[in-house]
Amino acid sequence: MIRRPPRSTPKPSSAASDVYKRQILDFTTIVMGPASTRILSDCGAQVIKIESSSRSDTLRSATPYKGEDPSPNRSGYFAMYNAGKLSLPINMRNPESVNFVKEHLIPWADIVVTAFTPRVLPMWGMTYDDLAAIKPELIMLSACLMGNTGPYADLRGTGQLAAALSGWYENTGWPDKDPVGPYSAYADFVSWNYFIVAVMAALDYRDRTGKGQYIDQSMFESTLQFAGPQLMYYLNEGKLTTRMGNQDVDYCPHNTYPCSGDDTWCSIVIENNHQWSIFCNLMGRNDIVEDSKFNTFESRKINELELDEIISEWTKNQDSFRLMHLLQQNGVPAGVVQNASDLFRDPQLRHRNHFVVRAHQDMGYHHILTPSFIYENSDRFPDTAAPLLGEHLEYICKDILDIPDELFAELISKGILE
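Bear in mind that the values here come from a model prediction, so they are computed numbers and not experimental data.

Caption draft 1: Spatial organisation of the packing of aromatic side chains. Tallied over the entire structure, the rule returns 13 aromatic pairs. Taking the centre distance of 6.4 Å and the plane angle of 55° together, the rings of tryptophan 276 and phenylalanine 294 count as tilted. Here the residue tryptophan 276 occupies a position in helix 11 (residues 273–283), and phenylalanine 294 occupies one in the loop between helix 11 and helix 12 (297–302), the gap between them amounting to 18 residues. Taken together, a centroid distance of 5.6 Å and an interplanar angle of 65° make the contact between phenylalanine 373 and tyrosine 375 edge-to-face. By relative accessible area, which is 28% here, phenylalanine 373 ends up partly exposed. Note on tyrosine 375: relative accessible area 15%, which makes it buried. An aromatic cluster is built from Phe27, Phe116 and Trp124, whose rings are joined through pairwise contacts. Positioned above the aromatic ring of phenylalanine 78, the side-chain terminus of arginine 60 is 3.8 Å from the ring centre.

Encoded structure:
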């Protein structure tokens, strides 16, 4: 194993001081946990990711791969959510590994994050009470599908299940067809917001009191926060919302319309009669502005299918980007349905340097998304690419944990570090 120091991490502005130089032990996999610790790493925290050659992060086997080699170090998906971290391979199936974690890593860590079902940590003897006995000021966040208590606590699953359970699948798709879930593991991509807030609040509490904190996060409940309108509609009116395609209960027209070219689309929203009048003028259809079938929101809603056909006949001959700019310039909300190629050319994202290129030891230079915020007088981060599996084994053990050579060799020989 090559011994090398971690590549430099940019120092953020004082706005990130609550996280800067914090030390995080990351046992999470797939998206929600890694995405959360990736943000903390971007803000200056030092994150040690725990996995092993026998049980690596599931995301390392997820497509797409750079090139045709599906090795655990070439997953672009993994690279996106683990940039800036250090990798320490520990075989947690080895009974002696828990003692190593408790003796050497828990004293080092400010924060420990896990993403296991509730049975795992008690089985290892690594509950919060176990770890807080070693370091009382420790903060621990334990995230899982349903939370760590309750009748369904032992249910296993990823973000797709959380999205289904929280009602999203009932409300996404077409009225006459089966439920269609949001893109990918939707819950993973929204739950990390609450992860970050909870950790920051715990850090603030510790700074004020000197006391640690245990955080029990449910992906199901985190996703449910984004179903507020559906829940309020039921509580206030006793009615259930369901699939309605691109339609909306408050705006009409409200849809995505075909444009010229192959599979190109533009989403258009009319919020009021003023916009409706402008939109009809731009379409060259002033004849329908005062048509009784379309002159009010209520009448447009009743005749929505006919209206969508009229609009589609116009948009199908329009360039999607020109159409978006034309409508926006005249006060009508519109947005192109962009694909990945469009996003890399997007002038707004380019202006904000949203995609940065980093050098990866196996994949070479590749693009990484940056966070959706920018600190004043700070470069976009992360500063380093995702680690190779076990890349920082020797550096972490000898330079960070100060483990003697003899013990280091013993840990390897016993299969604790692998």
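There is more to say, and it comes next.
Caption draft 2: Quick peek at the sheet that holds strand 3 (residues 86–89). On the basis of which strands lie adjacent, the open sheet formed by six strands has the order 3-2-1-4-5-6 and parallel pairing. Pairing within the sheet leaves two strands with one partner each, and these edge strands are strand 3 and strand 6 (213–218). Here the average twist between neighbouring strands, direction ignored, is 20°. As paired elements, strand 5 (residues 139–144) and strand 6 share six bridges and run parallel to each other. Its bridge partner lying in strand 6, alanine 143 is registered against glutamine 217.

Caption draft 3: Looking closely at the packing of helix 1 (residues 32–42) against helix 8 (residues 186–209). For the pair helix 1 and helix 8, the least separation of the axes is 8 Å and the interaxial angle reads 50°. When the interaxial angle is binned, helix 1 and helix 8 end up oblique. Relative to helix 8, the crossing made by helix 1 is right-handed. Here Met32, Gly33, Ala35, Ser36, Thr37, Ile39 and Leu40 of helix 1 lie close against helix 8, whose contacting residues are Asp188, Ser191, Trp192, Phe195, Ile196 and Val199.

Caption draft 4: Structural context of the sheet that holds strand 7 (residues 254–258). The strand order across the open sheet formed by three strands is 7-8-9, and the pairing between neighbours is antiparallel. Of all the strands in the sheet, the pair left with one neighbour each is strand 7 and strand 9 (334–336). Strand-to-strand twist of the sheet, defined as the mean angle between neighbouring strand axes without regard to direction, takes the value 20°. Summarising the sheet, strand 8 (residues 265–269) and strand 9 pair through three bridges and their orientation is antiparallel. Residue serine 267 lies in a different strand from strand 9, and its bridge partner there is glycine 335. Sitting on the sheet, helix 13 (residues 304–315) touches strand 7 and strand 8, and the angle it makes with strand 7 is about 35°.

Caption draft 5: Unusual backbone geometry, seen in detail. Along the chain, threonine 63 connects to proline 64 via a cis peptide bond; the corresponding omega equals 5°. Locating proline 64 in the fold gives a position in the loop between strand 2 (46–51) and helix 2 (76–82). Of note, the bond from cysteine 252 into proline 253 is cis; its omega dihedral lies within 30 degrees of zero at 0°. Mapped onto the fold, proline 253 is located in the loop between helix 10 (228–237) and strand 7. In this structure, aspartate 263 is a non-glycine residue whose phi angle is positive, near 55°. Looking at where aspartate 263 falls in the secondary structure, it is placed in the loop between strand 7 and strand 8. Non-glycine residue aspartate 402 carries a positive phi angle of around 55°. Relative to the helices and strands, aspartate 402 resides in the loop between helix 17 (393–400) and helix 18 (405–413).

Caption draft 6: Region of interest: the environment of proline 64. The class for proline 64 is exposed, based on a relative accessible area of 54%. Sequence-distant contacts of proline 64, defined by excluding residues within four places in its chain, comprise Arg74, Ser75, Gly76 and Tyr77.

Caption draft 7: Expanded view of a nonpolar patch on the surface. Residues Leu231, Met232, Tyr234, Leu235 and Leu240 make up a contiguous nonpolar surface patch of roughly 550 Å² in combined accessible area. The residue leucine 235 is located in helix 10 in this model.

Caption draft 8: Structural detail: the side chain of aspartate 110. Among the secondary structure elements, aspartate 110 is positioned in the loop between helix 3 (97–105) and strand 4 (111–114). Looking at aspartate 110, its side chain comes within polar contact range of the side chain of arginine 206, at 3.1 Å. For aspartate 110, the residues in contact, after removing those within four places along its chain, are Lys21, Arg22, Gln23, Lys135, Leu138, Ile139 and Arg206.

Caption draft 9: Looking closely at the packing of helix 11 against helix 13. Packing of helix 11 against helix 13 brings their axes to within 11 Å, and their N-to-C directions diverge by 45°. Overall, the two elements helix 11 and helix 13 adopt an arrangement that is oblique. For the pair helix 11 and helix 13, the sense of crossing is left-handed. Along its contact with helix 11, which presents Trp276, Phe279, Leu282 and Met283, the element helix 13 presents Leu307, Ile311 and Trp314. When the residues that make up the contact of helix 11 with helix 13 are grouped by side-chain class, the tally is seven nonpolar, no polar and no charged.

Caption draft 10: Spotlight on helix 1. The buried fraction of helix 1 is high, at 11 of 11 residues. Of all the positions in helix 1, only Met32, Gly33, Pro34, Ala35, Ser36, Thr37, Arg38, Ile39, Leu40, Ser41 and Asp42 are classed as buried. Once helix 1 ends, the next one or two residues include glycine 44, with phi positive near 115°.

Caption draft 11: Local environment of the layout of surface pockets. What the largest pocket holds in volume is close to 930 Å³. Residue lining of the largest pocket: 35 residues in total, with Thr29, Arg55, Ala115, Phe116 and Arg156 positioned closest to the centre. Among the elements of the structure, helix 1, strand 2, helix 4 (120–124) and strand 5 are those that each provide at least two residues to the lining of the largest pocket. For the lining of the largest pocket, the element with the most residues is helix 4, which contributes three residues. Each residue belonging to the lining of the largest pocket can be placed in one class, and the counts come to 17 nonpolar, 11 polar and seven charged.

About the cut-offs
- Residues numbered from 1 in each chain as written.
- Predicted model: local features only at pLDDT ≥ 70, side-chain atom pairs only at ≥ 80, totals over all residues.
- Heavy atoms only, no water.
- Phe/Tyr/Trp six-rings, centres within 6.5 Å; stacked < 30°, edge-to-face > 60°.
- Helix = DSSP H or I, 4+ residues; strand = E, 2+ residues; numbered from the N terminus.
- Buried < 20%, exposed > 50% of the residue type's maximum accessible area, 1.4 Å probe, protein only.
- Lys NZ or Arg CZ within 6 Å of the ring centre and 35° of its normal.
- Pairing = 2+ DSSP bridges.
- Axes fitted to C-alpha atoms, helices over the stretch in contact; angles between N-to-C directions.
- Parallel < 35°, antiparallel > 145°, perpendicular 65-115°, else oblique.
- Left-handed = near helix turned anticlockwise from the far one by under 90°.
- Contact = heavy atoms within 4.5 Å.
- Patch = residues over 30% accessible without salt bridge, like charges linked within 9 Å, V, L, I, M, F, W, Y side chains within 5 Å.
- Areas by Shrake-Rupley, 256 points an atom, 1.4 Å probe, with all protein chains shown as cover.
- Salt bridge = Lys/Arg side-chain N within 4 Å of Asp/Glu carboxyl O.
- Polar contact = N/O pair within 3.5 Å; in protein donor to acceptor, adjacent residues only side chain to side chain.
- Nonpolar A, V, L, I, M, F, W, Y, C, P; charged D, E, K, R; others polar.
- 1 Å grid on protein atoms, 1.4 Å probe; cavity = no way out; pocket = protein on both sides within 12 Å on 5 of 7 lines; lining within 4 Å.
- Points joined across faces, edges and corners; volume = space filled by probe spheres on them.

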